[in-house]
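# An overview of the molecular structure
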Amino acid sequence: MARVDLDGNVINPMTICMIGAGGFIGSHLCEKLMSETPHTVLAVDVYNDKIKHLLEPDSLPWNGRIQFHRLNIKNDSRLEGLIKCSDLTINLAAICTPADYNTRPLDTIYSNFIDALPVVKYCSENNKRLIHFSTCEVYGKTIGSFLPKDSPLRQDPAYYILKEDTSPCIFGSVEKQRWSYACAKQLIERLIYAEGAENGLEFTIVRPFNWIGPRMDFIPGIDGPSEGVPRVLACFSNNLLRREPLKLVDGGESQRTFIYIKDAIEAVLLMIENPARASGHIFNVGNPNNEVTVRQLAEMMTQVYSKVSGEDSIETPTIDVSSKEFYGEGYDDSDKRIPDMTIINKQLGWNPKTSLWDLLESTLTYQHRTYAEAIKQAIAKPSAN
Ligand SMILES: NC(=O)c1ccc[n+]([C@@H]2O[C@H](COP(=O)([O-])OP(=O)(O)OC[C@H]3O[C@@H](n4cnc5c(N)ncnc54)[C@H](O)[C@@H]3O)[C@@H](O)[C@H]2O)c1
Ligand SMILES: O=C(O)[C@H]1O[C@H](OP(=O)(O)OP(=O)(O)OC[C@H]2O[C@@H](n3ccc(=O)[nH]c3=O)[C@H](O)[C@@H]2O)[C@H](O)[C@@H](O)[C@@H]1O
């Protein structure tokens, strides 16, 4: 039975150059493409731990449809050739953990802007379609966050809903180096948009809103550096696994909307297979129904983990820490991130399905199954170093 797109046209097999395929999102996207489509993936990354299960053994049903190319796009002449022999390039490569933005601002700016330039150039020069991963962080802070604390307008959606074609990008001052990432992402978006306007580059830009699920980042001291600071899901999972209090930065008052990685990947597959509907657009991909403060996330994760692990939660499940202490100088934050869904609904007819509780249940089940034993060993006999 041939697979058809949203307009009833047969979907022909494509070759996709996926840069950053070895990461959290890339690994889920590769799983989806291998298990549900006839497409071929040239998986480009410096690591492949998270997609090894797709590359071996040769007896896998999709064998031959995914090839791993270990290369660093900063300085590898093979990149252009891979883009030229693909129908579509998806660029996921980035430094995208906030702890790096104010501590490694140069690497962050290079990774999110400079290193993406050749990818855009090769696509434009060779008339190849590009799907580029930006971030919801390009919206920065809401307009409402500048109103007086008790202003009723803060409840007015016009002051906090984030819409691709109307909302401004509002960052903190240059000293707040946290915004090095979002600003680099904003400028690469503007460059891509200009390549589209001036040179006819066929592009789609994705603005993910806190996608979470299995294989996101790492657990410090187990499959990542002990002093590493991953994104909040992995931080809180690590605390729960180690029976430590979850640290709430500046009281955990910031709000986020979290979406299950599997729901988000559905949206990306629709973009891949419906170029006529996706090209020329910027898309919010998030779940406006899953909004919590970070404190509420910590409380919910504590409850879910207790259920998943069968262990009672500890006496003091959370403690407050200052952002200076947790991230260092130059940290700043987005207050609230609610995606407007008009454009993605209209173009792709997509909506997220999974509640925050359910996505946390499946994700923490994975975390507990994958890490609980290793953590127990690590705590039992702390390593020499
Ligand atoms: N996960 C989210 O919720 C989220 C939210 C907003 C934006 N994004 C964006 O989506 C993209 C993917 O995010 P993710 O969560 O999968 O992050 P990730 O860190 O898990 O994946 C990024 C991958 O890119 C690779 N990479 C980085 N620099 C490279 C280089 N120079 N050459 C080759 N490979 C390189 C890394 O090895 C890694 O495997 C990023 O652009 C990120 O900014 C993600
Ligand atoms: O994932 C996204 O959509 C985007 O936003 C993230 O930024 P942020 O949501 O701030 O990243 P987290 O590290 O997950 O932090 C979320 C919130 O939790 C707080 N936090 C984090 C970790 C922790 O241990 N405690 C804690 O209170 C942070 O201060 C922040 O307010 C990252 O910038 C990228 O992954 C991406 O651009």
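Our structure is the block above this text.
Notes on the structure follow. Since the structure is predicted, the reported quantities are computational estimates derived from the model, not experimental observations.

With parallel pairing, the 7 strands of this open sheet are ordered in space as β3-β2-β1-β4-β5-β7-β12. Single-partner strands in this sheet number two, and they are β3 (66–70) and β12 (281–285). Neighbouring strand axes in the sheet, compared pairwise and without regard to direction, differ in orientation by 15° on average. With 5 bridges connecting them, strand β7 (residues 203–208) and β12 associate as parallel partners. Looking at the pairing, Val 206 lines up with Phe 283 of β12. Most of the contacts of helix α6 (residues 117–125) go to strand β5 (residues 129–133), to which it runs at about 160°, and overall it touches β1 (15–19), β4 (88–91) and β5. Running at roughly 160° to β7, helix α7 (residues 180–199) makes contact with β5, β7 and β12 of the sheet.

With that settled, consider the site of ligand 1. In the vicinity of ligand 1, 25 residues are found, and the nearest of them are Phe 24, Ile 25, Asp 45, Tyr 181 and Trp 211. One of the backbone N or O atoms of Phe 24 is found 2.8 Å from an oxygen atom in ligand 1. Note that an oxygen atom of ligand 1 is positioned 2.8 Å from one of the backbone N or O atoms of Trp 211. Protein burial of ligand 1: of its 820 Å² of free accessible surface, 89% is covered by the chains. For the shell around ligand 1, the residue count by class is 15 nonpolar, 7 polar and 3 charged.

Below, the discussion takes up the packing of aromatic side chains. The tally for this structure, following the rule as stated, stands at 7 aromatic pairs. The structure contains a cluster of three or more aromatic residues connected by ring pairs, namely Phe 326, Tyr 327 and Tyr 331. Above the plane of the ring of Tyr 139 lies Arg 207, whose end atom (NZ or CZ) is 4.8 Å from the centre. One cation-aromatic arrangement involves Lys 336 over Tyr 160; the distance from NZ or CZ to the ring centre is 4.8 Å.

Rules used in this analysis
- Residues numbered from 1 in each chain as written.
- Chains lettered and ligands numbered in written order.
- Predicted model: local features only at pLDDT ≥ 70, side-chain atom pairs only at ≥ 80, totals over all residues.
- Heavy atoms only, no water.
- Pairing = 2+ DSSP bridges.
- Helix = DSSP H or I, 4+ residues; strand = E, 2+ residues; numbered from the N terminus.
- Axes fitted to C-alpha atoms, helices over the stretch in contact; angles between N-to-C directions.
- Contact = heavy atoms within 4.5 Å.
- Near = heavy atom within 4 Å.
- Polar contact = N/O pair within 3.5 Å; in protein donor to acceptor, adjacent residues only side chain to side chain.
- Areas by Shrake-Rupley, 256 points an atom, 1.4 Å probe, with all protein chains shown as cover.
- Nonpolar A, V, L, I, M, F, W, Y, C, P; charged D, E, K, R; others polar.
- Phe/Tyr/Trp six-rings, centres within 6.5 Å; stacked < 30°, edge-to-face > 60°.
- Lys NZ or Arg CZ within 6 Å of the ring centre and 35° of its normal.

Keep in mind these numbers describe shape, not what the thing actually does.
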